Amino acid sequence: MRREMVRSIGLVALGAIAATGLWQALDAARAANTDTYRQLNLFGDVFDRVRSDYVEQPNEEKLIDAAINGMLTSLDPHSSYMNAKRFQDMQVQTRGEFGGLGIEVTMENGVIKVVAPIDDTPAAAAGLLANDLIVKIDGQKVQGMTLNEAVDKMRGPVKSSITLTLVRDGKEPFDVKLTRDIIRIRSVKYNAEGDVGYIRISSFTEQTQQGLDKAFKELKKQIGPDKIKGYILDLRNDPGGLLDQAISVSDSFLDRGEIVSTRGRNASESQRYNAQKGDLTGGLPVVVLINGGSASASEIVAGALQDHKRATVIGTRSFGKGSVQTIIPLGGQGALRLTTARYYTPSGTSIQAKGIVPNIVIEEELPDELKAKMSETTSESSLPGHLGSQDGKEKTGSSSYVPKDKDKDLQLKAAIDLLHGKEVKTNVKPAETAKKAEKANDGEPTTTKN
């Protein structure tokens, strides 16, 4: 009886301790919520004071936009708020047709930096280059603008003119006048390089897989289905785009296996995407070209084909954007672009702030006027506020230069040689290779035969 009483007292005591712990947890949650509400009240107080006391009547809608966008951009460089107009612009862009200059940009140190001009657009025709700094738009300084504000200013009515003030190589600013046009992005281009099928993907839009299917069909006609030695998939300076299109493109070259996995904050949010049977190349050899301008969706494709040893990757280290942004509509009030997950290649590797390392590192020969400029390259790891690499081993970017003259394109020539069975070696000196190339993600050496 006494033992039972002691046991009962013990159970009651344990129950009391558990209840105490529960109440403490609830109190902590209430305290955290109270602190959050206090901060929101502080925001309301500041907003009211600005509305009533600022020297000029402020635009309240812009104040709210700036506050929301400030919160999101403080998370990482890729999260942002889009008001209704910008959300509509984004939807038009992913469809592959929009009005503007045809330029991919990012914000760095208060100015706009060019990631890459899009093929066959006013920006490309005007000679804008990756890493150019845009310091003024129609004479107005970019310093102090948000990235979205600057993009809005660069868009406008078709056939209207705009003047961008650029800084290149750290030299004196100069003006470039452009005429806005409808930007119709043909995201897939192709041509026969002798008996090799060359396919270039400039971005991943809703039209990309359709364009790739057409490329395979037409190249087989041009070269002959029994004469094609293989395919070159050129993803250089491809800034990315839609995740589902990256998965679909990867699937076009694979018969089985994982393409990519995404992992969010909670384990329940993890997803895996697998290939379906049906290699559209018929198992022919494939070479993928990447460089410092290859980011996001293009890195998913390169990583999947490299990990499955389905393709040899040639070029230089990619940009290193290994995060997934989800578009969350807010009714009629625009949408959030929020980083919700990291993605991983089939081997389980995160390329966030590291990039894809080619199997064979081939650097392009830079013109003299670009050598000083290209010594400093933009990559995910160089962006302020970027998500860190999970293992802490971040890598810098690489050159995004691609010569317009195909005869001078060393990476393309190396790919063609490899598909013709020739031995291809890195053109980076051994001391540089140790720093820049390391070994490729799948452990392949930098000398490969196909």
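Up top you'll find the structure we're talking about.
In what follows, the accompanying structure is described. Computed from a predicted model, the values in this text were never measured in an experiment.

What counts and what doesn't
All residue numbers here refer to positions counted from 1 along the written sequence of the relevant chain. Restriction of local features to residues with pLDDT of at least 70 applies here, the model being predicted, together with a cutoff of 80 or more for giving and counting side-chain atom pairs; totals for whole chains, interfaces and linings are based on all residues. The basis for every side-chain value is the complete set of non-hydrogen atoms in the structure, without hydrogens or water. Between 30 and 60 degrees the pair is tilted, below 30 it is stacked and above 60 it is edge-to-face, where a pair is any two Phe, Tyr or Trp rings, Trp via its six-membered ring, whose centres lie within 6.5 Å. Secondary structure elements are defined from DSSP: runs of H or I of at least 4 residues count as helices, runs of E of at least 2 residues count as strands, and each element is numbered from the N terminus. Per-residue accessibility, obtained with a 1.4 Å probe over protein chains only, is compared with the maximum for each type, and a residue is labelled buried under 20%, exposed over 50%, and partly exposed between these values. Two residues form a contact once any of their heavy atoms are found within 4.5 Å. Only strands joined by at least two bridges in the DSSP assignment are considered to pair. Each C-beta atom gives one direction from the helix axis, and the arc is the one those directions make.

As a further point, take the packing of aromatic side chains. Tallying each qualifying case throughout the model produces three aromatic pairs. On the basis of an interplanar angle of 15° and a centroid distance of 6.3 Å, the ring pair of Phe43 and Phe47 is categorised as stacked. Of the two residues, Phe43 and Phe47 are both situated in helix α1 (residues 2–53); the distance of four residues between them amounts to about one turn of the helix. A relative accessible area of 42% places Phe43 in the partly exposed class. Judged by its relative accessible area of 17%, Phe47 is buried. Between the aromatic rings of Phe216 and Tyr231, the centroid separation amounts to 5.1 Å while the plane-to-plane angle is 90°, which identifies the pairing as edge-to-face. You can see Phe216 sitting in helix α6 (residues 208–223) and its partner Tyr231 sitting in strand β12 (residues 230–234), a full 15 residues away along the chain. On the basis of relative accessibility, which here comes to 3%, the residue Phe216 falls in the buried class.

As for its position among the elements, Thr106 is in strand β3 (residues 103–108). Thr106 gets classed as buried once you look at its relative accessible area, which sits at 11%. Between the C-alpha atom of Thr106 and that of Ala116, which follows or precedes it by ten residues, the distance is 9.8 Å. For Thr106, the contacting residues outside a window of four places in its chain are Val111, Ile112, Lys113, Val115, Leu147 and Leu383.

A few words on the pairing of strand β5 (residues 133–137). Relative to β5, strand β4 (residues 111–117) runs antiparallel, the two being bridged by two bridges. Within β5, the residue paired with Ile112 across the bridge is Ile134. Relative to strand β7 (residues 161–167), β5 is paired through four bridges, and the arrangement is antiparallel. Bridge pairing in β7 places Ile134 opposite Leu166. Pairing analysis gives two bridges linking β5 to strand β6 (residues 140–141), with the strands arranged antiparallel. Within β6, the position partnered with Ile137 by the bridge is Gln140. The antiparallel hairpin formed by β5 and β6 contains two residues in its connecting segment, where Asp138 sits at a positive phi of about 50°.

Buried residues of helix α5 (residues 147–154): Asn148, Ala150 and Met154, and no others. In an axial view of α5, the angular spread of the buried residues amounts to 160°, which keeps them on one side of the axis.

On to the pairing of strand β8 (residues 174–179). Of the strand pairs in this sheet, β7 and β8 are connected by six bridges, and their pairing is antiparallel. Along β8, the bridge assignment pairs Thr163 with Lys177. Hairpin remark: β7 followed by β8, antiparallel, with six residues in the connecting loop; positive phi at Asp169, about 60°.

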